[in-house]
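Observations on chain architecture
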Amino acid sequence: MKSARLNDALVVITGASSGIGRCAAHEFARHGARLVLASRDREALACVVDECERLGAYALAVPTDVTRNEAMEKLAEQAAAFGNGRIDIWVNNAGVGAVGSFEATPLAAHEQVVQTDLLGYLRGAYVVMPYFKAQSSGVLINTLSLGSWVAQPYAAAYSAAKYGLRGLTEALRGELASWPDIHVCDLYPAVMDTPGFRDGGNFTGHELSPPPPRYDPRRVAEAMVKMALNPRPSRTVGSAATLLRLGHFLVPGFAQISALLVGRAIRRGQPAQRSTGNLFQPPSGERRIEGGWRTQSTARPVPVLLACTAAALLLGWGLRRLRKSSG
């Protein structure tokens, strides 16, 4: 069902060629938004524009590399022109990853992850903020991650970037205190079933697969639309994200436990060549929303890390109750 408040609103989405960004484009299209879609993959963007137009939306593809200042400035200029001078919603969503031990991952790969996942978001905020202030309104939505709260061993640069985004968004909110109708919103998805693990840099020497539970990325797209309609500082998508965040806060040595389990899971994977994946160029695989991981894991038990976290939370709750009763 279309929303009157989103009908013809100008929405920019980076990383729109696959995964969360692609299904977000579809979701905003269903609500009648006017879309400007950005990614490095020109051919895939053209397909997404066609999909959105079939849903009744006006859409424009702007091939963009979020690691380049001039490309992001051009994106904002073209978006404003397409929106008759306005940009109502900007979704920072483009992201890459590099999995491997810290020293086995090339420094250039670490740098590219930070350039995309942290500085790419900073560039997006930087180029759109003048438009928001000129019109005294706007919604900036940042796709963060469970990794913004729980460090990801064997993905150090990704963790650094996602932790840094929390600082960026909180600083922006502070500066925007006198602008009540400009909102900075953070989304914290759990592990989503997207092609990200297939497409990302892999320096482990083994095939990778995302840890279960894996959620439908359309849940994130729906959360983005809800935030656009009713802005709030943050929203978590997927109960596993909340559980692991609590576990990280309450369980001593959580990062060490996680590293042991992740390292063991990586070593169980089939041998594979090291690859930079989509770090420096668009991937060669099919561009789509889903990665196909959920169909492979429907019969799997709850991951050990989640089970340990749940047990630790129950233990912590019990100890607190016991201390209160004895006090």
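Here's a quick rundown of the structure. Each chain carries its own residue numbering, running from 1 in the direction its sequence is written. Note on the predicted model: pLDDT of at least 70 is required for a residue's local features to be given, and 80 or more for side-chain atom pairs to be given and counted; whole-chain, interface and lining totals, by contrast, use all residues. To obtain the side-chain values, all non-hydrogen atoms of the structure were used and water was disregarded.

**Focus: the pattern of salt bridges**
Oppositely charged side chains are able to pair whenever their charged atoms sit close together. For clarity, the threshold we go by: When a carboxyl oxygen of Asp or Glu lies within 4 Å of a side-chain nitrogen of Lys or Arg, that pair is called a salt bridge. Type-normalised accessible area, obtained with a 1.4 Å probe on protein chains alone, sets the label of each residue: buried when under 20%, exposed when over 50%, and partly exposed for intermediate values. We count a stretch as a helix when DSSP gives it H or I for four or more residues in a row; a strand needs E for two or more, and each element gets its number in order from the N terminus.
Applying the stated rule across the entire model yields eleven salt bridges. Across the pair Arg 68 and Glu 70 runs a salt bridge whose closest N-O atoms are separated by 2.6 Å. Since its relative accessible area comes to 44%, Arg 68 is described here as partly exposed. Across the pair Arg 287 and Asp 199 runs a salt bridge, and its minimum N-O distance is 3.2 Å. With Arg 287 in the loop between helix H9 (254-268) and helix H10 (304-326) and Asp 199 in helix H6 (residues 196-199), the pair connects residues that are 88 residues apart, well separated along the chain.

**Quick notes on unusual backbone geometry**
Most peptide bonds are trans, and most residues other than glycine sit at a negative phi. The omega angle of the peptide bond from Pro 212 to Pro 213 is 0 degrees, so this bond is cis rather than trans. Looking at the element boundaries, Pro 213 is found in the loop between strand S8 (201-202) and helix H7 (218-229). Positive phi is not limited to glycine here, since Asp 8 has a value of about 70 degrees. As for its position among the elements, Asp 8 is in the segment before strand S1 (10-14). The exposure class of Asp 8 is partly exposed, given its relative accessible area of 43%. With phi around 70 degrees, Tyr 154 is a residue other than glycine that occupies positive phi space. With respect to the helices, strands and loops of the structure, Tyr 154 is situated in the loop between strand S6 (138-143) and helix H5 (156-175). For Tyr 154, a relative accessible area of 30% corresponds to the partly exposed category.

**Observations concerning the packing of aromatic side chains**
Our working rule: Between 30 and 60 degrees the pair is tilted, below 30 it is stacked and above 60 it is edge-to-face, where a pair is any two Phe, Tyr or Trp rings, Trp via its six-membered ring, whose centres lie within 6.5 Å. Each ring is checked for a lysine NZ or an arginine CZ that lies within 6 Å of its centre and within 35 degrees of its normal; such an atom marks a charge sitting over the ring.
According to the stated counting rule, one finds one aromatic pair in the structure shown. Here the aromatic rings of Trp 149 and Tyr 188 are separated by 5.7 Å at their centres, their planes lie at 50 degrees, and the arrangement is tilted. Taken together, the residues span a long stretch of sequence, with Trp 149 in the loop between S6 and H5 and Tyr 188 in strand S7 (residues 182-189) at a distance of 39 residues. On the accessibility criterion, Trp 149 (21% relative accessible area) is partly exposed. The lysine or arginine in question, Arg 166, covers the ring of Trp 149, its NZ or CZ lying 3.7 Å from the ring centre.

**So, the sheet that holds S7**
Applied cut-off: Strand pairing follows a simple DSSP-based rule, namely that at least 2 bridges must link the two strands. Only the contacting stretch of a helix is used when fitting its axis, a line to C-alpha atoms as for every element, and angles between N-to-C directions run 0 to 180 degrees. Residue contacts are defined here by distance: any two heavy atoms, one from each residue, within 4.5 Å place the two residues in contact.
The strand order across the open sheet built from seven strands is S3-S2-S1-S4-S6-S7-S9, with neighbouring strands paired in parallel fashion. Two strands in the sheet have a free side with no partner beyond their single neighbour: strand S3 (59-63) and strand S9 (234-237). Put simply, the sheet's adjacent strands are angled 15 degrees from each other on average, direction ignored. By the bridge criterion, four bridges tie S7 to S9 in an arrangement that is parallel. Across the sheet, Asp 186 pairs through a bridge with Ser 234, a residue of S9. Packing of helix H4 (residues 107-135) onto the sheet brings it into contact with strand S4 (89-92), S6 and S7, and relative to S4 it is tilted by some 175 degrees. H5 rests against S6 and S7 of the sheet, and its axis sits at about 160 degrees to S7.

**Some words on the side chain of Asp 88**
Threshold: Residues adjacent in sequence count toward polar contacts only when both atoms are side-chain atoms; beyond that, a polar contact is any pair of N or O atoms within 3.5 Å, and within protein one must be able to donate a hydrogen and the other to accept it.
Summarising the element assignment, Asp 88 is placed in the loop between helix H3 (69-82) and S4. Given the relative accessible area of 17%, Asp 88 is considered buried. A polar contact of 2.8 Å, which involves the side chain of Asp 88, links it to the backbone nitrogen of Leu 10. Excluding residues that lie within four positions of it along the chain, Asp 88 makes contacts with Ala 9, Leu 10, Phe 132, Gln 135, Gly 138 and Val 139.

**What about the side chain of Gln 112?**
Tracing the backbone shows Gln 112 in helix H4. Those residues in contact with Gln 112 that sit more than four places away from it in its chain are Thr 67, Val 96, Leu 279 and Phe 280.

**As for the packing of H3 against H4**
For clarity, the cut-off: Should the near helix be turned anticlockwise from the far one by less than a right angle, the crossing is left-handed, and should it be turned clockwise, the crossing is right-handed. Lys, Arg, Asp and Glu make up the charged group, whereas Ala, Val, Leu, Ile, Met, Phe, Trp, Tyr, Cys and Pro make up the nonpolar group; the residues left over, Gly among them, are polar.
As a packed pair, H3 and H4 sit with axes 9 Å apart at the nearest point and diverge in direction by 40 degrees. Of the two possible hands of crossing, H3 and H4 adopt the one that is right-handed. Residues Asn 69, Met 72, Glu 73, Ala 76, Glu 77 and Ala 80 of H3 pack against Gly 120, Arg 123, Gly 124, Val 127 and Tyr 131 of H4. Classifying every residue of the contact of H3 with H4 gives five nonpolar, three polar and three charged.

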